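Read off the chains here:
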Amino acid sequence: STKKKVLLIGDSFTWGMTAQPFDSSFADILQRETDCEIINTGIPAADPPQYARIAEKYIPLLKPDLVVVMFFMGNDLMRQDREVVPGEPFYYYTNAGAILADIDGIHFKTAQEAYNYFVNDKYYLNQPKSIPQTIISKSSLLSRLYSVRFRIEEKIKYEQTVKDTRVTKKYLNAIAQTCSSNGIPCKFVMIPEIKEADMEVD
């Protein structure tokens, strides 16, 4: 194409997961309404290490005129570092939903291993390890009450992650460096969670 090329990097938002109709994600709209060639590398459930690898591989290859990294505050802030393992997924689609391959600093090679960790080790759903856990596991009400502890822990961990962004910045800086070394301008677009945006969904 002789058009200016814009390379989009991001996760499900960039990919267009909830676009209605399906071919009307913001990347599709940019393609239709601008005179640019939009190259969308958005991948559902991707994270900053994956973004950095995409930038490292495709920026020198495609030589875009602009790189735009879509950063979602809801799940792109990283608590701990992880290695991108070539040929291995970073999440698994299961009948219990999407389960990350890297949980609590552990890399799981199969969906079953990741699922077993959740139900047996992290949340004790299938194999309670004490009498109170056994009683809790038999009651949906007690299980919901018991899970409040985990929700509070997750909230505290998220707030700590917002304050300490060293791991996240490591990868965003790597993308900026890749762009700089290839002489390509780079823009980071911060997407807030709906509750933080204080705006209507539309």
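Analysis parameters
Residues numbered from 1 in each chain as written. Predicted model: local features only at pLDDT ≥ 70, side-chain atom pairs only at ≥ 80, totals over all residues. Heavy atoms only, no water. Helix = DSSP H or I, 4+ residues; strand = E, 2+ residues; numbered from the N terminus. Buried < 20%, exposed > 50% of the residue type's maximum accessible area, 1.4 Å probe, protein only. Contact = heavy atoms within 4.5 Å. Lys, Arg positive; Asp, Glu negative; His and termini not counted. Charge placed at Lys NZ, Arg CZ, Asp CG, Glu CD. Disulfide = S-S within 2.5 Å. 1 Å grid on protein atoms, 1.4 Å probe; cavity = no way out; pocket = protein on both sides within 12 Å on 5 of 7 lines; lining within 4 Å. Points joined across faces, edges and corners; volume = space filled by probe spheres on them. Nonpolar A, V, L, I, M, F, W, Y, C, P; charged D, E, K, R; others polar. pLDDT = per-residue confidence, 0-100. Axes fitted to C-alpha atoms, helices over the stretch in contact; angles between N-to-C directions. Parallel < 35°, antiparallel > 145°, perpendicular 65-115°, else oblique.

## A few points about the overall build of the protein chain
The secondary structure content of the protein chain amounts to eight helices and eight strands. Overall, the protein chain is about 70 × 35 × 30 Å in size when its C-alpha atoms are taken along their principal axes. Residue burial in the protein chain is summarised as follows: out of 202 residues, 32% are buried. Contacts spanning at least 24 positions in sequence make up 66% of the contacts within the protein chain whose residues lie at least 6 apart. A gap of 5 Å separates the mean positions of the 24 positive and 26 negative side-chain charges of the protein chain.

## Some points on the state of the cysteines
Overall, the coordinates contain zero disulfides when judged by the stated rule. Free cysteine Cys-36: the closest other cysteine sulfur is in Cys-186, separated by 16 Å.

## Comments concerning unusual backbone geometry
Comment: phi is negative for the bulk of residues other than glycine, and the bulk of peptide bonds are trans. In this chain, Gln-20 is followed by Pro-21 through a cis amide linkage whose omega measures -5 degrees. One non-glycine residue with positive phi stands out, namely Ala-45, at about 70 degrees. The residue Ala-45 is located in the loop between strand 2 (36–40) and helix 3 (48–62) in this model. By relative accessible area, which is 31% here, Ala-45 ends up partly exposed. Positive phi values are uncommon outside glycine, yet Asp-104 reaches one of about 55 degrees. The topology assignment puts Asp-104 in the loop between strand 6 (102–103) and strand 7 (106–107).

## Observations regarding the environment of Arg-166
Secondary-structure assignment places Arg-166 in helix 7 (residues 166–181). A relative accessible area of 65% means that Arg-166 is categorised as exposed. For the pair Arg-166 and Asp-81, spaced 85 residues apart in the sequence, the C-alpha separation amounts to 9.5 Å.

## Side note on the environment of Ala-176
By the secondary structure assignment, Ala-176 is in helix 7. Overall, Ala-176 belongs to the partly exposed group, its relative accessible area being 29%. Sequence-wise, Ala-176 and Tyr-123 are 53 residues apart; in three dimensions their C-alpha atoms are separated by 39 Å.

## Brief notes about the layout of surface pockets
The space that makes up the largest pocket amounts to roughly 1200 Å³. Of all the secondary structure elements, the ones that give two or more residues to the lining of the largest pocket are strand 5 (97–100), strand 6, helix 4 (111–122) and helix 6 (140–163). Sorting elements by how many residues they give to the lining of the largest pocket places helix 6 first, with seven residues. Residue classes in the lining of the largest pocket are distributed as 16 nonpolar, six polar and 16 charged.

## Looking at the confidence of the model for the protein chain
With 98% of its residues at a pLDDT of at least 70, the protein chain reaches an overall mean of 88. Looking over the protein chain, one finds the lowest element-wise mean pLDDT in helix 8 (residues 194–197), namely 74, and the highest in strand 1 (residues 4–9), namely 98.

## Structural notes on the packing of helix 3 against helix 7
The contact between helix 3 and helix 7 brings their axes to 8 Å, and the two run at 10 degrees. The orientation of helix 3 relative to helix 7 falls into the category roughly parallel. Residues Pro-48, Pro-49, Tyr-51, Ala-52, Ala-55, Glu-56 and Ile-59 of helix 3 touch helix 7, and the partners they reach there are Thr-168, Tyr-171, Ala-174, Ile-175, Thr-178 and Cys-179. The residue makeup of the contact of helix 3 with helix 7, split by class, is 10 nonpolar, two polar and one charged.

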